[in-house]
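Tertiary structure, described
Listed here are the chains, written in short residue letters.
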Amino acid sequence: MHHSDAGAMNISQALSWATTQLSDGESPLVDSRVLLCAVLDCNRSYLFTWPDKALSDDQLTTFKQLVQKRQQGHPVAYLIGSRAFWTLTLKVNESTLIPRPETELLVETALQLPLPTAARICDLGTGTGAIALALAAEKPQWSVTGVDRVEAALQLAKENASLNGNLQVNWLLSHWFNDLPATAMFDLIVTNPPYVETGSVYLQQGDVRFEPASALTAGADGLADIREIISQAPDHLSLGGWLLIEHGYTQHDAIKALLQQRGFTACQGVDDLNGMPRITLAKWHKS
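The model shown is predicted, which means the values in this text are computed figures rather than measured ones. Sequence positions are assigned chain by chain, starting from 1 and proceeding in written order. In keeping with the predicted nature of the model, local features appear solely for residues at pLDDT of at least 70, side-chain atom pairs appear and are counted solely at 80 or more, and the whole-chain, interface and lining totals rest on all residues. The side-chain figures draw on all heavy atoms in the structure; neither hydrogens nor water molecules are used.

Here an angle of 0 to 180 degrees is reported between the N-to-C directions of two axes, which are lines fitted to C-alpha atoms, with helices fitted over the stretch in contact. Each helix corresponds to a stretch of at least 4 residues labelled H or I by DSSP, and each strand to a stretch of at least 2 residues labelled E; elements are numbered beginning at the N terminus. Put simply, helix α6 (residues 104-112) and helix α7 (residues 130-138) touch, their axes get as near as 10 Å, and they point 40° apart. Put simply, α6 runs oblique to α7. Between α6 and α7 the crossing geometry is right-handed. Contacts from Leu106, Val107, Ala110 and Leu111 in α6 reach Ile131, Ala134, Leu135 and Glu138 in α7. In this classification, Asp, Glu, Lys and Arg are treated as charged, Ala, Val, Leu, Ile, Met, Phe, Trp, Tyr, Cys and Pro as nonpolar, and every other residue, Gly included, as polar. The residue inventory of the contact of α6 with α7, partitioned by class, reads 7 nonpolar, no polar and 1 charged. When describing relative orientation, an angle under 35 degrees is termed roughly parallel and one over 145 degrees roughly antiparallel, while 65 to 115 degrees is termed roughly perpendicular and anything else oblique. A crossing counts as left-handed when the near helix is turned anticlockwise from the far one by less than a right angle, and as right-handed when that turn is clockwise. Any two residues whose heavy atoms approach within 4.5 Å at even a single point are treated as in contact.

Put into structure tokens, the structure is as follows:
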């Protein structure tokens, strides 16, 4: 049988080749499967069911290009253009941070708060729309607003709203609260802001090397944006409204102090699966 120069490869061979190529990475097999599913436009079970199915020349070429980019460190989510989050599949691109599994904790925490039936929610710095869309999907009776200062991010978020069942979210272009109407009031403001210290070694590792720095870093102590959010949030919170912030695991005490200075009460931390404080929430009780 005549083989082309590239050599025909079946699914099983393609996966084992790719896993070897990516063996220096964090998750060679998972990455190989995800990339191959994207190329073949199939789900994972297909790979196990048809291991002997041959890839076409085009499919193999595309797969090899993706594996090579992954080898160079490009995030899988950017390479395939999507990421699973909560119950959603979200389109992603270089204009926003890739939604992290740990951010689902922010959604869970928000859903457990004692909020009004028709609560008004603001997701500040919405990026792909992940948090706003997850909350809108869970609570159709809530009025959800997603805010971002990057036009391209809002376009992406709007697309994600359509792709996930035409979820109803009000999208606003604003740098934090700066361009919000003074009348915009919320029962909950939830945010996953930039919180990495500018000098952090973390910025030289993994996916973050390819993500927008403005979505990651926030000054020497990583709290610049959080300070601004805490100082302005009360102007847009109803009486008894909540502020929910995702942050780095060393930042809870500093954030709690900032919240208390500003007049928030009922401050508490929420631990992630590693037992690290990942979210701080507080209540606004003044009129």
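With that settled, consider the pattern of salt bridges. Pairs can form between side chains of opposite charge whenever their charged atoms are close. What makes a salt bridge here is a side-chain nitrogen of Lys or Arg within 4 Å of a carboxyl oxygen of Asp or Glu, nothing more. Scanning the entire structure with this criterion turns up 7 salt bridges. Here Lys91 ties to Glu159 by a salt bridge, and the two come within 2.6 Å at their closest N and O atoms. Here the residue Lys91 occupies a position in strand β2 (residues 88-91), and Glu159 occupies one in helix α8 (residues 151-163), the gap between them amounting to 68 residues. For Glu159, a relative accessible area of 35% puts it in the partly exposed group. Residue Asp187 pairs with Arg120 through a salt bridge whose shortest N-O separation is 3.2 Å. Taken together, the residues span a long stretch of sequence, with Asp187 in strand β6 (residues 186-191) and Arg120 in strand β3 (residues 120-124) at a distance of 67 residues. A single salt-bridge network, built from bridges that share partners, covers Asp31, Arg70 and Asp207. Think of it in three bands: residues with accessible area under 20% of the maximum for their type are buried, residues over 50% are exposed, and the middle band is partly exposed, with areas taken using a 1.4 Å probe on protein chains only.

Looking now at the packing of aromatic side chains. Working definition: rings of Phe, Tyr and Trp (its six-membered ring) pair if their centres are within 6.5 Å, and the pair is stacked with planes under 30 degrees apart, edge-to-face with planes over 60 apart, and tilted otherwise. With the rule as written, the count across this model stands at 3 aromatic pairs. Seen in terms of ring centroids, Tyr46 and Trp50 are 6.5 Å apart; in terms of plane orientation they differ by 50°. Their pairing is tilted. By relative accessible area, Trp50 is classed as partly exposed at 48%.

This part covers the pairing of β2. Within a regular strand, side chains alternate between the sheet's two faces. Where burial is concerned, the two faces of β2 differ: the one with Leu88 and Leu90 is buried and the one with Thr89 and Lys91 is not. When DSSP finds two or more bridges between two strands, those strands count as paired. Both strand β1 (residues 82-85) and β2 contribute to a ladder of 4 bridges, which runs antiparallel. From the neighbouring strand, Phe85 faces β2, where its bridge partner is Leu88. Linking β1 to β2, which pair antiparallel, is a turn of 2 residues; within it Trp86 sits at a positive phi near 55°.

This part is about the state of the cysteines. Cysteine sulfur atoms that pair up within 2.5 Å are treated as a disulfide. Scanning all chains against the criterion turns up 0 disulfides. Counting only cysteine sulfurs, Cys42 is the nearest neighbor of Cys37, a cysteine outside any disulfide, at a range of 4.0 Å. Relative accessible area serves as the criterion here: at 18%, Cys42 is assigned to the buried category.

So, on to helix α1 (residues 11-21). Because an α-helix packs 3.6 residues into every turn, residues spaced three or four apart end up facing the same way. For α1, every residue scored as buried is listed here: Ile11, Ala14, Leu15 and Ala18. Viewed along the axis of α1, the buried residues span an arc of 100°, placing them on a single side of the element. Buried positions along α1 lie against α2 (28-40), α3 (44-49) and α4 (57-71). What qualifies as a polar contact is a pair of N or O atoms within 3.5 Å, subject to a donor-acceptor requirement within protein and to the restriction that residues adjacent in sequence count only when both atoms come from side chains. The opening residue of α1, the one whose side-chain oxygen lies 3.1 Å from the backbone nitrogen of Ser12, is Asn10. The directions from the helix axis to the C-beta atoms are what the arc is built from.

Turning to unusual backbone geometry, a few remarks are in order. Backbone geometry at Asp41 places phi at a positive 50°, although glycine is not the residue there. Turning to its location among the elements, Asp41 is positioned in the loop between α2 and α3. Phi is positive for Trp176, close to 50°, though the residue is something other than glycine.

Moving on to the environment of Tyr46. Secondary-structure assignment places Tyr46 in helix α3. Taking C-alpha positions, Tyr46 is 9.6 Å from Ile11, a pair spaced 35 residues apart along the chain. Not counting chain neighbours up to four residues away, the residues in contact with Tyr46 comprise Ile11 and Lys53.

Further remarks concern the nonpolar core. Counting residues in hydrophobic clusters, the biggest one holds 33 residues, and the most contacted among them are Ile121, Leu188 and Leu244. For this core, the elements supplying multiple residues, two or more each, are β2, α6, α7, α8, β5 (169-173), β6, β7 (237-246) and β9 (277-284). For this core, the element with the most residues is α7, which contributes 7 residues. The contact partners of Leu188, leaving out residues within four places of it in the chain, are Ala110, Leu113, Leu115, Arg120, Ile121, Cys122, Leu237, Trp242 and Leu244. Counting 25 residues, the second-largest nonpolar core is a separate cluster that includes Cys122, Ala184, Leu243 and Cys267. Think of a nonpolar core as a cluster: buried Ala, Val, Leu, Ile, Met, Phe, Trp, Tyr and Cys residues, connected wherever their side-chain atoms sit within 4.5 Å.

Nothing here speaks to function; it is all geometry.
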